[in-house]
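Per-entry structural report
Here's the letter readout for the chains.
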Amino acid sequence: PIQSLVNLIIHLDAVYDIYVISSAFDLHEKTPMENITSGKWVDIMLPGSNSATKVWYVGKNENIKATIKKTVQQVKPSIVYINGMFTYHYVILPLLLIKNAKIVICPRGMIQEGALSGKYLKKKVYLTLLRMSGIVKNVWWHATTDVERDDARKLFGKNINVVVAGNIPKKPVKMVEYPDKQTGTLRLVYISLITAKKNLLQAIEAINQSGLNITLDIYGPVKDVSYWERCELAIKKSKGKIVYKGAVIPELVQTTFKNYDAGYFLTKAENFGHALYESLSAGRPIITSYFTPWEKLENKLAGWNADIDNMDHIINILAKVVAINNEEFNKYCDGAHKIAQEYFLEGFEINDYKKLF
């Protein structure tokens, strides 16, 4: 979601004056992010943008309600874009406080069936109360896929105002640098948040059960501590084949993918999946589930879709990829790069965002 917003700003800052209000804290963290100034407007120049973006990081003891009120009075926004669904401070408060602006909500995949499966009852009650309260009656919805549009209509009514505008990704690399893929081995990488929705635990267990010569390096911030503790227990059973490497900054994600044979993401739900796209954009095929927009990957020589309800199917796919030789595997790298290029050229339309706003 953050990469989506960064790319959105870069593409639209010549058309709109953009102000961003965000927490100074990453999710579940008790200390603020490094190298930021909170409690005031700061200018941030994003790579590729035409002008600086005004950003306000909300500090630890700051009254977010007062900040939102003050910002509305000063900026007088014509459009307010709400990112996500399930926070009081950055979803409910703006909906309650802002009256004289067009409000757009982007669910970011949070209302997909797979995403709702975790804490299902709590989320279902929340969404029901949100609809019944009337505070989203006149908002506009930003869906990034047709599926997300349909999900929004199921939850909030078939007559809601909704515009489909595809995620804006990074540019693919210019030239594919092929890995030295060896027959009988496979070097996998996971770069994503660590939550139950991302399904890392099953990905680890599949490697452990396969008995194949596979290594997996895991990158990403831990967002669900109890879930990660279960992952750690499974990692210990891998006898050193699976290693946690910590987080990686966004600018180095494509470069990191190039150090491996393939990306590995058995996710339960993605409305886009920037990590999956960035693996493809770096010329690396992906092993993923059927719950992403990246479908029929094997037919396109770009990767493999696995049935995450069938562990044997996952292991069979791993065995198939392990057996591929270098020459054949390079074709999958080319196929991965090709579909990333196709999406970058045709998968989103800036005019859809202008229509939305």
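Anything mentioned here points back to the structure above.
What counts and what doesn't
- Residues numbered from 1 in each chain as written.
- Predicted model: local features only at pLDDT ≥ 70, side-chain atom pairs only at ≥ 80, totals over all residues.
- Heavy atoms only, no water.
- Helix = DSSP H or I, 4+ residues; strand = E, 2+ residues; numbered from the N terminus.
- Rg over C-alpha atoms; globule rule 2.2 N^0.38 Å.
- Buried < 20%, exposed > 50% of the residue type's maximum accessible area, 1.4 Å probe, protein only.
- Contact = heavy atoms within 4.5 Å.
- Areas by Shrake-Rupley, 256 points an atom, 1.4 Å probe, with all protein chains shown as cover.
- Lys, Arg positive; Asp, Glu negative; His and termini not counted.
- Charge placed at Lys NZ, Arg CZ, Asp CG, Glu CD.
- Salt bridge = Lys/Arg side-chain N within 4 Å of Asp/Glu carboxyl O.
- Right-handed = clockwise from strand over helix to strand, strands pointing away.
- Pairing = 2+ DSSP bridges.
- Polar contact = N/O pair within 3.5 Å; in protein donor to acceptor, adjacent residues only side chain to side chain.
- Phe/Tyr/Trp six-rings, centres within 6.5 Å; stacked < 30°, edge-to-face > 60°.
- Lys NZ or Arg CZ within 6 Å of the ring centre and 35° of its normal.
- Axes fitted to C-alpha atoms, helices over the stretch in contact; angles between N-to-C directions.
- Expected span 1.5 Å × (residues − 1).

Observations concerning the overall build of the protein chain
Tallying secondary structure elements over the protein chain gives 13 helices and 13 strands in all. Radius of gyration (C-alpha) of the protein chain: 21 Å, near the 21 Å computed for a compact globule of 357 residues. If you line up the protein chain on its principal axes, its C-alpha atoms span 65 × 45 × 40 Å. When each of the 357 residues of the protein chain is scored for burial, the buried share is 48%. Nonlocal contacts in the protein chain, meaning residues at least 24 apart in sequence, comprise 68% of its contacts between residues at least 6 apart. Put simply, the protein chain shows about 18,300 Å² of open surface, and 52% of that area lies on carbon and sulfur atoms. Positive and negative side-chain charges of the protein chain, numbering 45 and 35 respectively, have mean locations separated by a distance of 7 Å.

Re the pattern of salt bridges
Scanning the entire structure with this criterion turns up nine salt bridges. A salt bridge links D43 to K54; the shortest N-O distance between them is 3.0 Å. Here D43, found in strand 2 (residues 41–44), pairs with K54, found in strand 3 (residues 53–58); they are eleven residues apart in sequence, far enough to count as distant. Taking relative accessible area as the criterion, D43 reaches 51% and is therefore assigned exposed. With its nearest N and O atoms 2.9 Å apart, the salt bridge here joins D261 to R187. Placement of D261 in the loop between helix 9 (253–257) and strand 11 (262–265) and of R187 in strand 8 (residues 186–191) is noted, with a sequence separation of 74 residues between them.

Comments concerning the pairing of strand 5 (residues 102–106)
Of all the five residues making up strand 5, four are buried; the element is thus mostly covered by neighbouring parts of the structure. Viewed along the sheet, the connection from strand 4 (residues 79–83) through helix 3 (residues 88–97) into strand 5 turns out right-handed. Examined bridge by bridge, strand 5 and strand 6 (residues 140–143) share two bridges and lie parallel to one another. Its bridge partner lying in strand 6, V104 is registered against W140.

Looking at the side chain of E148
Among the secondary structure elements, E148 is positioned in helix 6 (residues 146–156). Buried within the structure, E148 lacks any salt-bridge partner; its nearest side chain of opposite charge belongs to R108, at an N-O separation of 6.7 Å. Within polar-contact distance, the side chain of E148 engages the backbone nitrogen of R108 at 3.5 Å. Here E148 is in contact with P107, R108, G109, I111, H142, A143 and N271, once residues within four sequence places are set aside.

Side note on the packing of aromatic side chains
All chains considered together, the criterion is met by 18 aromatic pairs. Seen in terms of ring centroids, Y81 and F357 are 5.8 Å apart; in terms of plane orientation they differ by 75°. Their pairing is edge-to-face. With a gap of 276 residues between them, Y81 in strand 4 and F357 in the segment after helix 13 (350–356) connect regions that are remote in the sequence. You can call Y81 partly exposed: its relative accessible area is 23%. The class for F357 is buried, based on a relative accessible area of 19%. Relative to Y260, the ring of Y219 lies with its centre 6.4 Å away and its plane at 75°, an arrangement referred to as edge-to-face. On the criterion of sequence distance, the pair formed by Y219 in strand 9 (residues 214–219) and Y260 in the loop between helix 9 and strand 11 is long-range, its members being 41 residues apart. The ring of W140 is capped by K102, whose NZ or CZ atom sits 4.3 Å from the centre of that ring. A cation over an aromatic ring shows up here: K123 above the ring of F86, its NZ or CZ 5.6 Å from the ring centre.

Things to note about helix 1 (residues 2–12)
Along helix 1, the residues that are buried comprise Q3, S4, N7, L8, I9, I10 and L12. Its buried side turned inward, helix 1 meets strand 1 (19–23), strand 3, strand 4, helix 10 (274–281) and helix 13.

Some points on the sheet that holds strand 6
One open sheet holds the four strands; their spatial order is 4-5-6-7, and the pairing between them is parallel. In the strand order of this sheet, the two ends are held by strand 4 and strand 7 (161–164), each with one partner. Sheet twist, expressed as the average angle between the axes of neighbouring strands with direction ignored, equals 25°. Taken together, the four bridges between strand 6 and strand 7 define a ladder with parallel strand orientation.

Some details on helix 5 (residues 120–133)
Helix length check: helix 5, at 14 residues, gives a terminal C-alpha distance of 20 Å against a target of 20 Å (1.5 Å per residue), a fit within 8%. Residue G134 follows helix 5 closely and has a positive phi angle near 85°.

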